[in-house]
Amino acid sequence: MSSTDRWFDPTKPPKAAIAIAAHVFGEVPPGWRKLLGETLNALVAVRTEDRAFSLNYLSVEFENHQLEFDVPDPDRVLAGICRRCAQRSKSICQQCGRQGRLRMFNMTDAAVL
């Protein structure tokens, strides 16, 4: 994959765009990979020239016990897709992908079990 490949380019076929995006954002915990794929599918389905800036600077964060997409200047559609992903990740185990709920063990440790 070359560094010029841009997954958010609307002229790219969806499968190629998702493959590039999965390569770029692939370092998520194994239990959230399916959720990442579903979210990338949704983002690829709504990519346009107008959304290229937001998608170019999109980043994935997963440090606060949820899978979050940080999108600069999102419109309502992009914000909704990203918000839905974050909400769903709160009830999915990071390691196995099963449904669960967030539980706090002490002031610093939490997990979805």
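Residues numbered from 1 in each chain as written. Predicted model: local features only at pLDDT ≥ 70, side-chain atom pairs only at ≥ 80, totals over all residues. Heavy atoms only, no water.

Undergrad: I'd like a rundown of the environment of S54, residues and numbers included.
TA: Relative to the helices and strands, S54 resides in helix α3 (residues 52-56). When neighbours within four sequence positions are excluded, S54 is seen to be in contact with V71, P72, D73, P74 and L78. (Helix = DSSP H or I, 4+ residues; strand = E, 2+ residues; numbered from the N terminus. Contact = heavy atoms within 4.5 Å.)

Undergrad: Outline helix α1 (residues 14-24), listing residues and values.
TA: Taken together, the buried positions of α1 are A17, I20 and A21. Axial view of α1: buried residues confined to an arc of 95 degrees, hence all on one face. Facing away from the buried side of α1 by more than 90 degrees, the exposed set consists of K15 and H23. Those residues of α1 that are buried lie in contact with α2 (33-45). (Buried < 20%, exposed > 50% of the residue type's maximum accessible area, 1.4 Å probe, protein only. Arc of directions from axis to C-beta.)

Undergrad: Any chance you could break down the packing of α1 against α2 for me, citing the residues and the numbers?
TA: Contact geometry for α1 and α2: axes closest at 10 Å, N-to-C directions at 130 degrees. As far as their axial angle goes, α2 and α1 are oblique. Crossing hand, α1 versus α2: right-handed. Two secondary-structure elements touch here, α1 through P14, A17, I18, A21 and A22 and α2 through L40, N41 and V44. Taken together, the residues of the contact of α1 with α2 sort by class into 7 nonpolar, 1 polar and no charged. (Axes fitted to C-alpha atoms, helices over the stretch in contact; angles between N-to-C directions. Parallel < 35°, antiparallel > 145°, perpendicular 65-115°, else oblique. Left-handed = near helix turned anticlockwise from the far one by under 90°. Nonpolar A, V, L, I, M, F, W, Y, C, P; charged D, E, K, R; others polar.)

Undergrad: Mind laying out the confidence of the model for the protein chain, listing which residues take part and the relevant values?
TA: When the pLDDT values of the protein chain are averaged, the result is 83; 89% of them are 70 or greater. For the protein chain, per-element mean pLDDT is lowest for strand β4 (residues 110-112), which scores 65, and highest for helix α4 (residues 76-89), which scores 95. (pLDDT = per-residue confidence, 0-100.)

Undergrad: Go over the side chain of Q66 with me, naming the residues and quoting the values.
TA: Within the element layout of this structure, Q66 appears in the loop between β1 (59-61) and β2 (68-70). In this structure Q66 comes out as buried when scored by relative accessible area, which is 13%. Among the polar contacts listed, one links the side chain of Q66 to the side chain of E68, at a separation of 3.1 Å. Look past the residues within four positions of Q66 in its chain and what remains in contact with it is W32, E61, A86, S89 and K90. (Polar contact = N/O pair within 3.5 Å; in protein donor to acceptor, adjacent residues only side chain to side chain.)

Undergrad: Can you explain the nonpolar core? Please cite residues and give values.
TA: One finds W7, F25, L43, L58, L67 and F69 to be the most contacted residues of the largest nonpolar core, which totals 25 residues. Of all the elements in the fold, those that place two or more residues in this core are α1, α2, α3 and α4. With 5 residues, the top contributor of residues to this core is α2. In this structure F69 touches L36, T39, L40, L43, L58, S59, V60, C82 and C85, once residues within four positions along its chain are discounted. (Core = buried A, V, L, I, M, F, W, Y, C linked by side-chain atoms within 4.5 Å.)

Undergrad: Break down the state of the cysteines for me, with residues and values.
TA: Taken as a whole and assessed by the stated rule, the structure comprises 0 disulfides. C82 provides the cysteine sulfur closest to C85, a residue in no disulfide bond, and the two sulfurs are 7.4 Å apart. Of all cysteine sulfurs in the structure, the one in C96 sits closest to C93, which takes part in no disulfide; the separation is 3.6 Å. Overall, the relative accessible area of 15% leaves C93 in the buried class. (Disulfide = S-S within 2.5 Å.)

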